[in-house]
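# Observations on the model geometry
Residues per chain are reported as follows:
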Amino acid sequence: MSTTYDYDLFTIGGGSGGVRCARWSAKNYGAKAAVAELPFALVSSKEEAGGLGGTCVIRGCVPKKLLIYGSHLPEDIADARGYGWNVPTSDEPSIDWTKLIDAKNKEVTRLNGVYKKLLNDAGVTHYEGYAKVIDPHTVEVNGQKITAKYICVASGSRAVKIPIPGNDLPNVVTSDEALTLEKRPEKIVIIGGGYIAVEFACYFHGYGSEVHLIFRAPDPLRGFDEDLRKHLHTLMQKRGIHVHAGVSPESISENADKKLVLKTKDGNEITSDVIMFATGRKPNSDKMGLEEVGVKLDEKSGKVLVDEYSKTNIDSIYALGDVTDRMNLTPVALMEGVSLAKTLFLGEATKPDYDNVPSAIFSQPPIGTCGLTEEQAATKYGSVDVYIEKFKPLKHTMPTGRAEQEQVLMKLIVVSDGQTGAGRVVGAHMCGADSAEMMQGIAIAMKAGALKSHFDSTVGIHPTSAEEWCTMRTKARTTTAADVNKS
């Protein structure tokens, strides 16, 4: 005898991945689907504030990118002088911070409404409130129990502060609050060396704040290609960002002037208006009833453990997106959502494909990357050939005064002759203007299995930086797995 459920699919979490999975299941495969999400707010909380669209739309990718666009304008105005424009130095542009943040807030609020419409148009029911799992087929929202054949946990992650004294003082923030500051800080300290820390450091600097970036490693962006890390580190310093590498925070206090004082473990102190933690994110998996019904979580991180089809150890419960901590990118969560919809309702068991996923860091200048780092590629294939170009972009051959800040680095990693897959491009990395736009196209070629000979035989577009992808003829070095093991 078959069991009747209220829904075929109930998704907990209305971010990009959860909404895509529910919409795709309902609109394309006829599933009866529902989504639970917290009420909209610009700053999130675990059980009370969130909003359809999730982190990316409300307090992540989209608002960050909007603020990054604006932060470039002072440089553009300065560059104009190198092109003959008479820009009075006595009338430098000033920022109306309130106007900027209000405009950003209106846009993300609009997008929250777009997500509501997307669900409505697909026939997906939206429950506004905190959802908990009661049993393998039941969730509870606002005291109402709802049954489903499948439950999908897509509850995302939240920014965390490292546990040091003073991390709860006023104006000690995470990325959530940093995007909603009512006043531009004259001085800001950002703790962390990942892509969030780097992006925020660059855009606050662009708006005129004095920025201090503090991280424990020798270079920012752990996990990215080493040449990229070193290159961006240098360019950030040339821009005037105060980079404190190899430094760990010890405590935060407040002085008599109500300024924040960060003390580091090497004994130094930095006084600041705002201190931002960009020290990682924690999967939103606790206090949801998951452990009580037997869903296995990683003991250290709290991520939901899933198989290659996004299924937990409970047959009816699946998870995707940041809560699984596989590859925490919005387009990857979208891919996981579509793959799960196909698996559950199309009858096609579909694994998400994590090979050659492109990504970007919207630093200044930005980074675009796809495939393996040099070390990863050498370890996987045994030996790789490395091609690198560094050059001054054409725009800054004119007297802008900023050529050193905009130096371009482009890098291709190719499997060496004699190895399985010889000639295949397995890594592409760039730091420079328009790198993200270029990398989307490079990723398509890499996904199709492009060889270095394909790059070499392609006619470039002149004059562009992009044509350099087609003209890298001189090998910089060969790196082997043995070389990586020595380092």
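Preceding this paragraph is the structure being described.
None of the values given here were measured: they were computed from a predicted structure.

What follows covers the overall build of the chain. Regarding its fold elements, the chain presents 13 helices and 23 strands. Expected size for 487 residues packed as a compact globule is a radius of gyration near 23 Å; at 24 Å, the chain falls within 12% of this value. For the chain, the spread of C-alpha atoms along the three principal axes comes to 75 × 65 × 45 Å. Counting the 487 residues in the chain, one finds 49% classified as buried.

The next subject is the nonpolar core. One finds I190, F204, L213 and M236 to be the most contacted residues of the largest nonpolar core, which totals 36 residues. Those elements giving two or more residues to this core turn out to be helix 3 (61-71), helix 5 (97-122), strand 9 (187-191), helix 7 (195-206), strand 10 (210-215), helix 8 (226-239) and strand 15 (274-277). Those residues in contact with M236, other than ones at most four positions away along the chain, are V198, A201, C202, L213, I241 and V243. Core analysis: the second largest hydrophobic core is formed by 26 residues, F10, I12, A34 and Y127 among them.

With that out of the way, let us pick up the sheet that holds strand 19 (residues 367-371). The strand order 18-19-22-21-20-23 describes an open sheet built from six strands, whose pairing is antiparallel. Of all strands in the sheet, those with a lone pairing partner are strand 18 (359-361) and strand 23 (477-480), marking the two edges. Here the strands of the sheet are splayed against their neighbours by 20° on average, with no regard to which way each runs. Bridge count for strand 20 (residues 383-391) against strand 21 (residues 408-415) is eight bridges, and the pairing is antiparallel. Within the sheet, the bridge partner assigned to E389 lies in strand 21 and is M410. Contacts from helix 8 reach strand 19, strand 20, strand 21, strand 22 (425-431) and strand 23 within the one sheet, and its direction differs from that of strand 22 by about 5°. Those strands touched by helix 11 (residues 435-447) are strand 18, strand 19 and strand 22, and its axis lies near 175° from that of strand 22.

Before going further, it helps to spend a moment on the layout of surface pockets. In this structure, the second largest pocket occupies an estimated 760 Å³ of space. Lining the second largest pocket are 34 residues, with P366, E406, A433, D434 and S435 positioned closest to its centre. Elements with a minimum of two residues in the lining of the second largest pocket: helix 3, helix 4 (73-81) and helix 11. Looking at the lining of the second largest pocket element by element, the count peaks at four residues for helix 11. Considering only residue class, the lining of the second largest pocket consists of 13 nonpolar, eight polar and 13 charged.

Bringing a nonpolar patch on the surface into the picture now. Together, Y83, W85 and M398 make up a nonpolar patch on the protein surface, roughly 370 Å² of accessible area in all. Within the fold, Y83 resides in the loop between helix 4 and helix 5. Note on Y83: relative accessible area 40%, which makes it partly exposed.

This next bit is on the pairing of strand 22. In the case of a regular strand, side chains alternate between the two sheet surfaces. With seven of seven residues buried, strand 22 is to be regarded as a mostly interior element. As judged from the five bridges shared by strand 19 and strand 22, these two strands associate in the antiparallel manner. When the sheet's bridge partners are listed, G368 is paired in strand 22 with M430. As paired elements, strand 21 and strand 22 share six bridges and run antiparallel to each other. Looking across to strand 22, one finds that L409 is bridged to C431.

Summed over the entire model, instances satisfying the criterion amount to 10 aromatic pairs. Consider the rings of Y203 and F204, whose centres lie 4.7 Å apart with planes at 20°: the pair is stacked. Neither residue differs from the other here; Y203 and F204 are each classed as buried. Taken together, the ring pairs in this structure connect W97, F200, Y203, F204 and Y207 into an aromatic cluster.

Now for helix 11. When the terminal C-alpha atoms of helix 11 are compared, their 18 Å separation across 13 residues agrees well with the 18 Å that a helix rising 1.5 Å per residue should span. Those residues of helix 11 that fall on the buried side of the exposure criterion are S435, M438, M439, I442, A443 and M446. The secondary structure elements touched by the buried residues of helix 11 are strand 19, strand 22 and helix 12 (452-457).

Attention shifts here to helix 5. For helix 5, spanning 26 residues, the distance from its first C-alpha to its last is 38 Å, which sits close to the expected 38 Å at 1.5 Å a residue. Turning to helix 5, its buried residues are W97, L100, I101, K104, N105, V108, L111, N112, Y115, L119 and A122. As for helix 5, its buried residues are in contact with helix 1 (16-29), strand 2 (33-37), helix 2 (54-59), helix 3, strand 3 (125-128) and helix 7. Looking at the residues trailing helix 5, positive phi occurs at G123, about 80°.

Turning our attention to the packing of helix 7 against helix 8. Packing of helix 7 against helix 8 leaves a shortest axis separation of 11 Å and a crossing angle of 20°. The angle between helix 7 and helix 8 falls in the class roughly parallel. Seen from above, helix 7 lies across helix 8 with left-handed handedness. Along the contact surface, helix 7 presents V198, A201, C202 and H205, while helix 8 presents L232, M236 and R239. Within the contact of helix 7 with helix 8, the residues separate by chemical class into five nonpolar, one polar and one charged.

Conventions we followed
- Residue positions are given per chain, counting from 1 as you read along its sequence in written order.
- Totals for whole chains, interfaces and linings use all residues, but because this is a predicted model, local features are given only for residues with pLDDT of at least 70 and pairs of side-chain atoms are given and counted only at 80 or more.
- Only hydrogens and water are removed before side-chain values are computed, so all heavy atoms of the structure are retained for them.
- The secondary structure listing takes helices from DSSP runs of H or I that are at least 4 residues long and strands from runs of E that are at least 2 residues long, numbered from the N terminus.
- The quantity called the radius of gyration is restricted to C-alpha atoms. Its globule counterpart is 2.2 Å times the number of residues to the power 0.38.
- Think of it in three bands: with a 1.4 Å probe and only protein chains considered, a residue is buried below 20% of the maximum accessible area for its type, exposed above 50%, and partly exposed in between.
- Each nonpolar core is a collection of buried residues, namely Ala, Val, Leu, Ile, Met, Phe, Trp, Tyr and Cys, held together in the definition by side-chain atoms within 4.5 Å.
- Whether two residues are in contact is decided by their heavy atoms: any pair within 4.5 Å suffices.
- Two strands make a pair as long as DSSP finds a minimum of two bridges between them.
- The convention used is that axes are lines fitted to C-alpha atoms, helices contributing only their stretch in contact, and that angles between N-to-C directions extend from 0 to 180 degrees.
- A cavity, in this analysis, means grid points on a 1 Å lattice covering only the protein atoms where a 1.4 Å probe fits yet has no way out; a pocket is instead an open set bounded by protein on both sides within 12 Å along at least five of seven lines, and a residue lines either one if it has an atom within 4 Å of a point.
- Grid points are joined across faces, edges and corners, and a volume is the space filled by probe spheres set on the points.
- Basically, the charged four are Asp, Glu, Lys and Arg, the nonpolar ten are Ala, Val, Leu, Ile, Met, Phe, Trp, Tyr, Cys and Pro, and anything else, Gly included, counts as polar.
- Note that patches include only residues with greater than 30% relative accessible area and no salt bridge, and the join distances are 9 Å for like charges and 5 Å for nonpolar side chains (Val, Leu, Ile, Met, Phe, Trp, Tyr).
- We get accessible surface area from the Shrake-Rupley algorithm with a probe of 1.4 Å; when it comes to residues, only the shown protein chains can shield them.
- In the sections that follow, a salt bridge refers to a side-chain nitrogen of Lys or Arg positioned within 4 Å of a carboxyl oxygen of Asp or Glu.
- Within 6.5 Å between ring centres, the rings of Phe, Tyr and Trp (the latter by its six-membered ring) count as paired, and their orientation is classed by plane angle as stacked under 30 degrees, edge-to-face over 60, tilted in between.
- A helix is expected to span 1.5 Å multiplied by its residue count minus one.
- If an angle is under 35 degrees, it is roughly parallel; if it is over 145, roughly antiparallel; if it lies from 65 to 115, roughly perpendicular; otherwise it is oblique.
- Note: crossing handedness is left-handed where the near helix turns anticlockwise from the far helix by less than a right angle, and right-handed where it turns clockwise.

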